[in-house]
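# Structural overview for review
If you want the building blocks of each chain, they are given just below.
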Amino acid sequence: MSNMPEAQSSAARSNQDHLLGRKLRDGEYLVQRVLGHGGMGKVYLAMHTSLEMPFALKQARADQPLPESVIAELDLALQGGEHPQRSIPGQSQERSFPATGGVHTDRFLREALLLTRLQHSAIPTLYDYFFEDGFWYLVMDYIPGPTFSHYLRSNAPLPPLEALNYAIQICDVLDYLHRQSPSIIFRDLKPSNLILTPDGALMLVDFGIARYFKAGQVNDTMDLGSPGYASPEQYQGEGQTDGRSDLFSLGIILHEMLTGKRPSSMTNGALNELPISPSMAGLITLATRPEPDQRFQSAHTFYLALERIYSIEEQLAYQRHIEATSNALNNTSSKDQPSTEQNELEAVPDPDAAELVESVPAPVVQPVNNTIALRLTLPIMPVLSLNLEQRQQTRDALQQARRERLKEESLEIQMASVDESLKRRSLVLLSQTSHSQAIKKPEMPPAEPQQEPPAQHKLPGLLKVCFIFTLIVCLLLASLFSYIHITHRAIPVISRGPSPSPTSAHTWSGTWQPLPSPPSTEADNTAIYVQSGGRFYVYMSGGYRGTQAAPQYDRNLYRYDILTARWEQVGIKSLPGMLNNSVAEDEHGQLFFTTGYSTDAYKVIPLLTLYQPETDHMRKITPPAGIAFGFATAMLADQQGHLYLTEGYQKAGDPSIEAGTGWYRYDIATRTWHTLAPLPVGLGYTTLANDANGDILLLGGATDAGQTHQSGRVYRYNITHNQWQQEPLTLPHPLSGSASCAIDSDHLLVIGGYDASSKQGSHETWLINMRTQRWTQLDSFPKGGTVLGAVACDGRGHAYLMRGASDPKHPTADFWLLTVQEG
Ligand SMILES: Nc1ncnc2c1ncn2[C@@H]1O[C@H](COP(=O)(O)OP(=O)(O)OP(=O)(O)O)[C@@H](O)[C@H]1O
């Protein structure tokens, strides 16, 4: 008896080896080789015979039939192209996986459903699934490259920047999973579930034990993850796993990348003995604490910490390089050396650089060079070989190929009635069940390679029925979706009531300095700091120029070159006329402008304009109906592909109009819009800022467009839970219409604003420490009040203020630099 499983598995193995060179799915896929073995079965490389494209076929024993609901969802998602069931962050949906009683089928359907519901560049796309010869198959992207465990075995320890680069990539995809609603917990994060592509991108495979987080559930009900990587709460079965368990595993992988080993004991002392920087050791300690409450609480916070350490390590590496270069130059100055700078660099014997170059991963296509300076150009987020657009094209091509095949076959097969087809479908399910039961018996002879199971002949007819069935389900889902959308309500705001915020002594100071004026007077416009092509600019959109005979508007885009202290006009096409708008820059250096009040259409328009400084390319982005942001909106780019926007005011020219409570997110890569939990109070002329925990703060603003009812409150938006909450922190006094930007990663600068009592601009300048939540008042703007101005921070203590006006009707061309220093 004890040999039975062994006998079964070897019988099954020899059976599956026959798959090599065989065609599956009615001749659609030609199996070429085995890519990997897993708990579920083998993963094969197969060539699509008509498209001549490689795919990965992941196999699982069909130990039970698939439930109808699963077939319906998969068929709908895979044939329709649209994903009505896809998880939409911010929209809570009841999610679970039906249990079939078959371990393999349960894993298969879990992975299949999750892959159809997810869309991220680091997650393979599922294109199809099918049943053949007692096995289910998932058809997904073939990811070329070694598993990350294989890569680490031959390359670890990795240089810190390379390790951080990978950790940032993993953290990004975890953040995406955890932000689904409900959160998806991967639960089996380990190097063998990551594949390193030739361009250095890590892809996450194996969603077989991933699950949805269930609020209120005490324990996980299945699967323990992998020893060595699973968190204590997961491995010891203590409590339900949540996103923090995945972050624990990432901490372990980071440790392994840097040291070549997994940590055996998690003490600070042990980590400090390792050849890694103290900040990196601190990061790993924090990530791998046994108590979930004492670790990073969200992937976003972990991500921000990784980015911070990345820039520290970058500076350390650069310093080492400079030191090594100058030592080498000193040592060699007496010798005969080639005269060009290039040759001098090539001749530098840089031990660090040599070590780094040797450890450049073989599969990573990077410009390999023997200077550390070039090694530093390793991008944080490499270009992915499988971008989402390409995958959509692949999906379309597969569907087209399938349609053509079905068309040919439909000449031979009479279309059955819906009733007949449904009967046939249940027969197919029955035949699948009996077949899968048959393969459990060791004495069952292996299927002949070319023999097709009867169920396969019925599949085209079945697909037609599926199509009709799918259409019905589609209509039902569409109405369910609009119902969810319409009835989507805010999660209640938990108000702790305002209390005075601490202000701190003058530990910071600010120095003001006038700079060359822009070409025209401006107010109600925007400014943003941009680093592009090795130069540093302040980009400024035109706004309100003032009144001569009639109101004057400026539709131009300008930039101020910080090094040459010159202004110039940029942009091939002029911007749409925009007033009282906002701007944000994403992690790729793309600028997004809201239109606010359009001086072309003379009305409020919900429109975004995307501008790419590198290419001078401009594109308009129109949100769908229901996403209605107006003027005096605030916008924030979270540097992870998302823009967050407040609604602002919908009608211009009426000071009594109240701001809306709309709160929206635009996902830049997928071009999708989401309505989030509404603001606790409708506010315009407000300020948005990232806080130290990875949440978003909303500071001040006015409920009315005339800014007479100003707020001194601060609200926190919890990204993970799509929830607003009032903070104990308040502003030094109610404030709206200020110019603000992040002076560094911890401090937000707030300049001027509307002083409702004097009906003038305020000249106050404040700094808030986002960690301690303390305000510091800096020297006021020296030239009087500033309202409806715009400020751009370089993130290193400098702020460039376009003053706007003191009297909102009379804009100025005042442009000033504020340098903020500690002490
Ligand atoms: N899409 C893919 N492209 C290329 N290779 C893949 C792909 N998916 C899986 N593999 C290879 O197959 C191996 C097993 O895959 P996977 O981990 O998904 O299987 P599994 O049966 O769920 O395994 P486990 O026992 O780890 O749960 C991977 O380690 C990888 O080498």
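Residues numbered from 1 in each chain as written. Predicted model: local features only at pLDDT ≥ 70, side-chain atom pairs only at ≥ 80, totals over all residues.

With that settled, consider the site of the ligand. Gly 36, Gly 38, Gly 39, Met 40 and Asp 206 are the nearest of the 20 residues found near the ligand. When contributions to the shell around the ligand are tallied by element, the ones reaching two or more residues are strand 2 (29-37), strand 4 (54-61) and strand 6 (135-141). Residue assignment places the shell around the ligand across two domains, with domain 1 (6-141) and domain 2 (148-328 + 342-377) each supplying three or more. (Near = placed C-beta within 6 Å. Helix = DSSP H or I, 4+ residues; strand = E, 2+ residues; numbered from the N terminus. Domains from an automatic or database assignment.)

For the rest of this paragraph, the subject is the environment of Glu 647. By secondary structure assignment, the location of Glu 647 is in the loop between strand 26 (642-646) and strand 27 (663-667). Given 24 C-beta atoms within a 10 Å radius, Glu 647 is considered buried. In the structure, Glu 647 is positioned 13 residues away from Ala 634 in sequence and 7.9 Å away in space, judged by C-alpha atoms. If near-sequence neighbours (up to four positions away) are discounted, Glu 647 is found in contact with Ala 628, Phe 629, Gly 630, Thr 633, Ala 659, Gly 660, Thr 661 and Gly 662. (Buried ≥ 20, exposed ≤ 12 C-beta atoms within 10 Å, placed from the backbone. Contact = placed C-beta atoms within 7 Å.)

This part covers the packing of helix 7 (residues 243-259) against helix 9 (residues 278-287). Across the interface, helix 7 lies against helix 9 with an axial gap of 8 Å and an inter-helix angle of 145°. For the element pair helix 7 and helix 9, the recorded crossing hand is left-handed. The residues of helix 9 that touch helix 7, namely those facing Leu 247, Phe 248, Leu 250, Gly 251, Leu 254, His 255 and Leu 258, are Met 280, Ile 284 and Ala 287. Per-class residue counts for the contact of helix 7 with helix 9 are 8 nonpolar, 2 polar and no charged. (Axes fitted to C-alpha atoms, helices over the stretch in contact; angles between N-to-C directions. Left-handed = near helix turned anticlockwise from the far one by under 90°. Nonpolar A, V, L, I, M, F, W, Y, C, P; charged D, E, K, R; others polar.)

Moving on, we get to the sheet that holds strand 22 (residues 603-604). In spatial order, the strands read 18-21-22; together these 3 strands make up an open sheet with antiparallel pairing. Edge positions in the open sheet fall to strand 18 (578-579) and strand 22, since each of these has one partner strand only. Summarising the sheet, strand 18 and strand 21 (residues 597-598) pair through 2 bridges and their orientation is antiparallel. The residue of strand 21 that forms the bridge with Met 578 is Ser 598. (Pairing = 2+ DSSP bridges.)

Both strand 27 and strand 28 (residues 672-675) contribute to a ladder of 4 bridges, which runs antiparallel. For Arg 665, the partnering residue across the bridge sits in strand 28 and is His 674. Between strand 27 and strand 28, which pair antiparallel in sequence order, lie 4 residues; one of them, Arg 671, sits at a positive phi of approximately 55°.

So, about helix 3 (residues 103-117). Helix length check: helix 3, at 15 residues, gives a terminal C-alpha distance of 21 Å against a target of 21 Å (1.5 Å per residue), a fit within 8%. Summarising burial for helix 3: 13 of the 15 residues are buried, a large majority. (Expected span 1.5 Å × (residues − 1).)

Scope: geometric values only; no functional claims are made or implied.
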